[in-house]
Amino acid sequence: MIKLGALRNLKRIKKYQQGSILESANNATIMYVVIKGEIGVYLNYRKQNQKLLYTIGSGDFFGEAALFLKKSPRTYSVAHTEVYALPVDAANINAFWTEEPGITFELFKALCARLDAVSAAYEKLAGQPFVDPQSASPAQGAKRVLKAELEKSKAAKTIEPNPDFSLFPDGHGKYELNMDSADRVYLMDKSYTCPACRHDFHTLKVKASKLLIESTDIDMRNRYRGVEPLYFDVVTCPNCLYSALGEMFTSPDKPYAELPEEVQALQGNLNLPFELCPEPDSIFAGYYLALLCAPKFFVKHSSASAKLLLKLSRIYQDCGDTEMELFTAQRALDAYLYVYENVEISPSQEQHLCIVMAELYAKLGDIKRARDFFYKAKTNRNGSALLKNHADKRIFDLRDPASSAEA
């Protein structure tokens with residue numbers, strides 16, 4: 001992904017309406033850097049056997065082969081939404097390199113990352129270096145070997161279930177959940193195409209327009225009238241079991257990734273309803289499958305995993321399993337701490353992160369660290385007033401009884 005903040009001249013950005021075809025076999029001389037919006041890449045666009053291969057989002061780019069190699073693609077790149085993109089063509093490329101050194105550097109880094117990923121995939125499958133030393137043309141020889149090894153691997157590969165592997169952790173039990181939304185007033189039937197296996201399916205999602213907050217817990221968890229969105233936040237493909245949070249499901253950063261072997265081994269053996277009739281077991285399974293898939297399909301998987309674990313902790317809370325609630329809360333805290341210490345985030349995101357970690361520390365009984373992170377949220381200069389007030393109130397709630405008695 002490209003850091004779009006390196007772009008200097010915003011006047012270069014162009015707007016493309018939904019449905020616009022940005023790249024096709026008849027229009028292939030431009031590279032695009034996507035600033036905002038979503039683009040779908042299709043085979044046989046507008047034909048009977050049309051197929052969506054993957055989607056491209058903000059910070060990604062396409063059309064480099066068209067620009068640098070003058071190679072016409074076999075695919076169509078179509079705007080799924082209103083798109084803002086930066087076009088680069090042969091006529092302005094020299095000026096672009098000169099005037100935009102930051103974004104140029106980001107592009108070269110991303111291109112190298114793609115090449116490195118291809119090389120790594122080849123070496124994993126072929127068991128040898130990417131370059132074939134016995135070929136008159138090393139690149140062509142490597143391509144031939146890669147193709148043969150991929151076909152051989154695909155034909156021979158079988159994943160056997162691991163008897164020592166369990167999708168659910170030790171301590172996970174049999175649960176019941178209040179699914180009062182059976183009348184479907186708060187739910188809608190939404191269709192998806194799985195980015196991992198291209199399977200089309202339907203599942204239930206919450207209607208955002210129907211959400212009405214009835215109350216808010218002390219840890220800022222909202223309670224909604226008639227429905228609990230947590231039970232419908234994860235989408236699972238019933239065919240291949242690829243799973244992710246709904247807002248991430250259709251646009252993984254690594255669309256060509258393979259499913260984890262644990263997930264592949266479960267295919268055909270996990271007889272749970274993941275589509276229109278969810279039950280507690282399938283809800284929990286969706287979350288644990290998403291935790292397995294996140295590192296394979298998403299660059300910022302640590303943030304996704306932290307969100308999944310926090311939501312899981314709250315579902316265990318709804319089930320009345322305090323031990324699993326605290327166990328999962330500790331895992332969520334560890335994941336959030338990793339994000340806080342290792343991932344570049346904005347000041348406003350940092351404030352929200354501090355609030356979340358403070359509440360987790362408080363739940364786990366570490367009051368001192370909870371107060372420390374509430375104080376960081378309270379003194380965040382770029383933070384929101386609402387979160388500052390919440391942090392201030394929670395610092396007061398968690399004050400030392402001894403010191404307050406002395407006062």
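Note: the structure precedes this text.
Scope of this entry: the structure provided in the associated data block. Remember, predicted model here, so these are calculated numbers, not experimental data.

Counting residues in hydrophobic clusters, the biggest one holds 74 residues, and the most contacted among them are Tyr-242 and Phe-249. Take this core: its biggest share by element is ten residues, from helix 6 (residues 280-297). Contacts of Phe-249, omitting those with residues within four sequence positions, involve Tyr-192, Thr-193, Cys-194, Pro-195, Phe-201, Val-235, Cys-237, Tyr-242, Ser-243 and Ala-244.

Glancing now at the layout of surface pockets. Take a probe with the size of a water molecule and roll it over the atoms, and the empty space left behind shows itself. Each pocket or cavity is described by its volume, and for the second largest pocket that value is around 330 Å³. Lys-190, Ser-191, Tyr-192, Gly-246 and Thr-250 are the residues nearest the centre of the second largest pocket, which is lined by 18 residues in total. At the level of secondary structure, the elements contributing two or more residues to the lining of the second largest pocket comprise strand 5 (51-56) and strand 9 (187-193). The greatest single-element share of the lining of the second largest pocket, amounting to five residues, is contributed by strand 9. Taken together, the residues that form the lining of the second largest pocket break down as six nonpolar, six polar and six charged.

Scanning all chains against the criterion turns up two cavities of 30 Å³ or more. The computed volume of the largest cavity comes to approximately 160 Å³. Around the largest cavity, the lining is made up of 15 residues, and of these Thr-203, Tyr-231, Val-234, Phe-274 and Pro-278 lie nearest the centre. Listed by contribution, the elements that provide at least two residues to the lining of the largest cavity are strand 10 (200-206), strand 13 (234-236) and helix 6. Split into classes, the residues belonging to the lining of the largest cavity amount to nine nonpolar, four polar and two charged. One number sums up the size of the second largest cavity: a volume of about 40 Å³. As for the second largest cavity, its lining consists of Ser-243, Ala-244, Leu-245, Met-248, Ala-290, Ala-294, Phe-298, Ala-304 and Leu-308.

Tracing the chain through its elements places Leu-86 in strand 8 (residues 83-89). Here Leu-86 falls in the buried class, since its relative accessible area comes to 1%. In this structure the C-alpha to C-alpha distance between Leu-86 and Lys-14, which are 72 residues apart in sequence, comes to 6.2 Å.

Under the definition given, this model contains 17 salt bridges. A salt bridge links Arg-221 to Glu-228; its shortest N-O distance comes to 3.1 Å. Residue Arg-221 is classed as buried on the basis of its relative accessible area, which comes to 2%. Glu-228 gets classed as buried once you look at its relative accessible area, which sits at 12%. Note that Asp-392 and Lys-378 form a salt bridge whose closest N and O atoms lie 2.9 Å from each other.

In this structure, Arg-46 is a non-glycine residue whose phi angle is positive, near 65 degrees. Phi is positive for Arg-198, which is not a glycine, with a value near 65 degrees. With respect to the helices and strands, Arg-198 occurs in the loop between strand 9 and strand 10.

The rules behind the values
Residues take numbers from 1 onward in each chain, read along the sequence in its written order. Residues qualify for local features only when their pLDDT is at least 70, as the model is predicted, and side-chain atom pairs are given and counted only at 80 or more; totals for whole chains, interfaces and linings, by contrast, use all residues. Hydrogens and water are ignored here; the side-chain numbers use all heavy atoms of the structure. Put simply, a nonpolar core is a bunch of buried Ala, Val, Leu, Ile, Met, Phe, Trp, Tyr and Cys residues held in one set by side-chain atoms that sit within 4.5 Å of each other. Burial classes follow relative accessibility: with a 1.4 Å probe on protein chains only, a residue under 20% of its type's maximum area counts as buried, one over 50% as exposed, and anything between as partly exposed. Only DSSP runs of H or I reaching four residues or more are called helices, and only runs of E reaching two or more are called strands; each is numbered from the N terminus. The contact definition used throughout considers only heavy atoms, calling two residues in contact when any of these lie within 4.5 Å. In this analysis the probe radius is 1.4 Å and the grid spacing 1 Å, with only protein atoms considered; a cavity is a set of points the probe fits into but cannot get out of, a pocket is an open set with protein on both sides within 12 Å along at least five of seven lines, and lining residues have an atom within 4 Å of a point. Grid points are joined across faces, edges and corners, and a volume is the space filled by probe spheres set on the points. Note that Gly is not counted as nonpolar here; it falls among the polar residues with everything else outside the nonpolar set of Ala, Val, Leu, Ile, Met, Phe, Trp, Tyr, Cys and Pro and the charged set of Asp, Glu, Lys and Arg. By convention in these notes, a salt bridge is any Lys or Arg side-chain nitrogen within 4 Å of a carboxyl oxygen on Asp or Glu.

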